Amino acid sequence: MPADPKLAHIATELPAEAPLMACRFDPTGKYVFATAENRSIYRWTLADGKRIAFAAHDSWMFDLMVTPDGQTLISAGGDDQLIWWPAAADAPEPIRKVKAHDGWIRALALSPDGTLLASGGNDRIVRLWNVSDGTKVREFSGAGRDIYSLAFHPNGQWLVAGDLDGKIHQWNVADGALVRSFDATPLHIFETGQQVHYGGVRALAFSPDAKWLVGGGLHKGTNPLGNVQEPLALRFEWESSKMVRQHLTDGNPNERIWAMHYHADGFLLAAAGGGKGVLVFWNEADEKPFHTFALPASARSMSVHLDGLQIATTHHDSKLRITKLAAKA
Amino acid sequence: MKNCDYSCRTAEHLLSRRRLFASLAGIGASAVMPDFGLFTSPAMAAEMTRQQKRMIVINMAGGLSQLESWDPKPGTATGGPFRAIPTSVPGLHISELLPRTAKVMHQLALIRSINTKEDDHGKGAHIMETGRRKTPAQEYPALGAVVAKALDAGGAGALPGHIVISPGGGGGRNADSAYLGPKYGSVTLGGGKPPQFSERPQGLVEDASICANDIRRKLNDRFALRRRTAQTDAYTQSFEQGLELMRQREIFDVTKESQADQDRYGSHDFGRHCLLARRLIERGITYVRVTHSNYDTHCENFNFHLEQVGEFDGPFATLVTDLAERGLLESTLIVVLSEFGRTPNINHLYGRDHWSKAWSICLGGAGIQRGAVIGKTNDNGTEVTERQVDGGHLFHTYLSALGVKSTGSFEIAGQKMPMADPAFEPIEELLI
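About the thresholds
Residues numbered from 1 in each chain as written. Chains lettered and ligands numbered in written order. Predicted model: local features only at pLDDT ≥ 70, side-chain atom pairs only at ≥ 80, totals over all residues. Heavy atoms only, no water. Helix = DSSP H or I, 4+ residues; strand = E, 2+ residues; numbered from the N terminus. Buried < 20%, exposed > 50% of the residue type's maximum accessible area, 1.4 Å probe, protein only. Contact = heavy atoms within 4.5 Å. Areas by Shrake-Rupley, 256 points an atom, 1.4 Å probe, with all protein chains shown as cover. Buried area = accessible area lost by both parts, 1.4 Å probe. Salt bridge = Lys/Arg side-chain N within 4 Å of Asp/Glu carboxyl O. Polar contact = N/O pair within 3.5 Å; in protein donor to acceptor, adjacent residues only side chain to side chain. Nonpolar A, V, L, I, M, F, W, Y, C, P; charged D, E, K, R; others polar. Phe/Tyr/Trp six-rings, centres within 6.5 Å; stacked < 30°, edge-to-face > 60°. Expected span 1.5 Å × (residues − 1). Arc of directions from axis to C-beta. Pairing = 2+ DSSP bridges. Axes fitted to C-alpha atoms, helices over the stretch in contact; angles between N-to-C directions.

S.K.: Would you mind going over the overall build of chain B with me for this structure?
M.R.: Counting secondary structure elements, chain B contains eleven helices and 17 strands. Taking all 432 residues of chain B together, 58% fall into the buried category. Taking all contacts inside chain B whose residues are at least 6 apart in sequence as the whole, residues at least 24 apart take part in 72%. By element, 53% of the accessible surface of chain B is carried by carbon and sulfur atoms, the whole surface being about 17600 Å².

If you want it as structure tokens, here you go:
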């Protein structure tokens, strides 16, 4: 069934015990996972809403991934660690802990075949790991500031990382060579009055046909410390690395994009938070969205179910919400 | 304005230490004030060092989070993502954002139980700056003015004793000395640059400038014979201080420090400003305030503290180390403060808001006990549970640590003006 964003509605609310952060659907479609400010990971069974907590990190967890077979969950902490978990266990204990970085690990990406995991964060290095045994494959350097986002090219040959400076770096997965950088600096600001860097490439998404790479975040950050900005996504033509379009929103002050997804039905989808919280839908050719769905609370992360109809978002009010892009049942 | 009895026995006319330095400097080839290390007699340098008390304040503008600095609560609902790390003081942990400061904590102390009950930026800053609540009935001098006045006999011709290094903007003299008079008002070094208008205009040759000032002095002296007032003295002092600033302009130039030192402090503004603070203190300036901006993190508190505290940590630890190694920490009080702390509650923007109920400062040197920790907050940092402290206590404590009797008064036009709020007293257990 094709998704219809104009039919978007909240289908499910899943409560937790603390404000939620990153989220991810399990690719088999059975579970949804989210990290929380109480240093737990929550797993909900979609069929009945049953909740299980995973706890082992000594910090918040900024991202998580589930392997394509749904058997392994990997979490990225602010405690330098990657932790491998049995995703479906009743009483989950870590399978493996790897000190992967010096400082927060902010972003993860899984290769299209699910065998390689990329991680990046505050030490400005991207590292590649074997999913099967947690061994390091290689490192990628060249980012000028903290890594905020990662994505594999659909063909698995290239890895891209977005950083705080508004640069998107492309590396060759096979040999670690830095190939080029895309200029997404409209997503970064150094606010001279407050003396702070703000923004960055907070989300990355490839179109399924790999024609487009989109970086998302914010612009117009005139008061970073006071949450004054607007969402912005930049569309790059992959072949030329030329920025061809800005995607703006329609009257959504104070939001910034936290997550993006290029939907199989051809539209670009972003979750934004900071204001009231919205899901924003753009067509390829348009600057302005063809639809905006107001969430009940500011969003912090997003994951799209394999069916393309269910959108999970996490919220500060300790709830994970699933928005359905189809008519109400 | 009351005519004053300006006999030559008043403190105003005693030879100030800075004037002594200036005189000594004048003997040598350089017009710049010498390092203590340049004195030929180590005993003399040591004595100078021992005698003069000084103060450096680092103002974490906007409100540093106590939870991301001096009083971390990892693993609690309010703790945020950062961990706590051990310090050079056994049993004392601070935020992992301060790894280099952690190594010099044995030189420092913490007060973790401040409750200033004021969540407004301006009013909170006023409490921390004056040790008093803001009232329309009376203006009070800023800490730097009180310290400059209390520690300095500074007569005409001395350099300003109250320097404020700001991250940007211009410069000039500020009206923050209230009844202590303009002599003790701060001079701002905007962007760490030398005071504004401290270069002789290109069109004015030196001989003409000397001549003009000689005429001014003669006229002043003649006027003062019969109509001398505090105002005329302030006028005279301002001119003489201006000339001294011009003569010693290089002491404000941080690029005169060695390249190795500049590298150690870092090329960013805060690093340069910490090095400039060291340079000024070494050259006899009584009080220097450095501002690091900005900590008002209602949004993305953790990202911004990562950035800001990360920038603060290295230069601050370097400054503490340098002062200690140069024997200056015994006489120099160093304080890291804000106008308030930040809420234990983490808002939906990953931010923390204003919070004056339970927050912390770091201080050390001079008469402060090394490695001490005063007060406690509860497990999630929402309340003070032990030894509550207000801004008035802090003000008394600073003065006491500098060897000034904080319950004393300034005599202003025949009226006694308490140096610090008489409703408070020093934190005695923190003092050596």
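Moving on from the model shown.
S.K.: For this particular structure, what's the right way to read the interface of chain B and chain A?
M.R.: How big an interface is tends to be stated in terms of accessible area lost as the parts join. Each partner contributes to the interface: chain B provides 26 residues, whereas chain A provides 34 residues. Here chain B meets chain A over a buried area of about 2400 Å², counting both sides, of which 52% is carbon and sulfur. Remark: the boundary between chain B and chain A carries three salt bridges. As a salt-bridge pair, A:Arg256 and B:Glu300 come within 3.1 Å of each other at their nearest N and O atoms. Across the chain B-chain A interface, the total number found is 14 residue pairs in polar contact (both at pLDDT 80 or more). Top contributing element to the side of chain B that touches chain A by residue count: helix H10 (residues 301–325) of chain B, with six residues. Each residue belonging to the side of chain B that touches chain A can be placed in one class, and the counts come to eleven nonpolar, ten polar and five charged.

S.K.: Please clarify how the packing of aromatic side chains should be interpreted in this entry.
M.R.: Residue and element names in this part refer to chain A. With the rule as written, the count across this model stands at 21 aromatic pairs over all chains. Between the aromatic rings of phenylalanine 267 and phenylalanine 290, the centroid separation amounts to 5.9 Å while the plane-to-plane angle is 75 degrees, which identifies the pairing as edge-to-face. Taken together, the residues span a long stretch of sequence, with phenylalanine 267 in the loop between strand E24 (256–262) and strand E25 (268–273) and phenylalanine 290 in the loop between strand E26 (278–282) and strand E27 (291–294) at a distance of 23 residues. Assessed through its relative accessible area of 5%, phenylalanine 267 is described here as buried.

S.K.: Could you clarify how one ought to interpret unusual backbone geometry in this entry?
M.R.: What you tend to see is this: most non-glycine residues have negative phi, and most peptide bonds are trans. Here the residue pair B:Ser293 and B:Asn294 is connected by a cis peptide bond, since its omega of 10 degrees sits within 30 degrees of zero. Following the sequence through the fold, B:Asn294 ends up in the loop between strand E8 (287–293) and H10.

S.K.: Whenever I open this one, helix H7 (residues 230–247) of chain B confuses me. Can you help?
M.R.: An α-helix turns once per 3.6 residues; consequently, residues spaced three or four apart project the same way. All names here are of chain B. Counted at 1.5 Å a residue, the expected span for H7 with its 18 residues is 26 Å, and the 25 Å between its end C-alpha atoms agrees. Listing the buried residues of H7 in full gives Ala234, Gln237, Glu240, Gln241, Glu244 and Leu245. Buried residues in H7, looked at end-on, bunch into an arc of 145 degrees, giving them a common side.

S.K.: Please clarify how helix H4 (residues 121–130) of chain B should be interpreted in this entry.
M.R.: All names here are of chain B. When we look at burial in H4, the residues that qualify are Gly124, His126, Ile127, Met128, Glu129 and Thr130. Residues of H4 that are buried sit in contact with helix H5 (143–151), E8, strand E9 (332–337), strand E12 (359–364) and helix H11 (391–401). In this structure aspartate 120 caps H4, since a side-chain oxygen of it lies 3.0 Å from the backbone nitrogen of glycine 122. Backbone geometry just downstream of H4 places glycine 131 in the positive-phi region, at approximately 75 degrees.

S.K.: Which parts of the structure should I look at to understand the sheet that holds strand E4 (residues 108–114) of chain B?
M.R.: Paired through their backbone hydrogen bonds, the strands of a sheet run either parallel or antiparallel. Residues and elements named next belong to chain B. The strand order E6-E7-E5-E8-E1-E9-E12-E4-E13 describes an open sheet built from nine strands, whose pairing is mixed. A strand with exactly one partner marks an edge of an open sheet, and here the two such strands are strand E6 (171–173) and strand E13 (373–374). When strand E1 (residues 54–61) meets E9, the two strands line up parallel, connected through six bridges. Across the sheet, the residue bridging to methionine 55 is leucine 333, located in E9. On top of the sheet, H10 reaches E1, E4, E8, E9 and E12; it is set at about 170 degrees to E9, its chief contact.

S.K.: Sorry if this is basic, but what is going on with the pairing of strand E3 (residues 31–36) of chain A here?
M.R.: Every regular strand shows the same layout, with side chains that alternate between the two sheet faces. All names here are of chain A. Within E3, six of the six residues are buried, which leaves the element mostly enclosed by the surrounding structure. A two-sided burial pattern is seen for E3, the buried positions comprising Tyr31, Phe33 and Thr35 on one face and Val32, Ala34 and Ala36 on the other. Note that strand E2 (residues 20–25) and E3 share four bridges and pair antiparallel. Of the residues in E3, the one forming a bridge with phenylalanine 25 is valine 32. In this structure, the hairpin formed by E2 and E3 is closed by a connection of five residues, where glycine 29 is found at a positive phi of approximately 85 degrees. Where E3 and strand E4 (residues 40–45) come together, five bridges link them in antiparallel fashion. Residue pairing across strands places tyrosine 31 opposite threonine 45, the latter belonging to E4.

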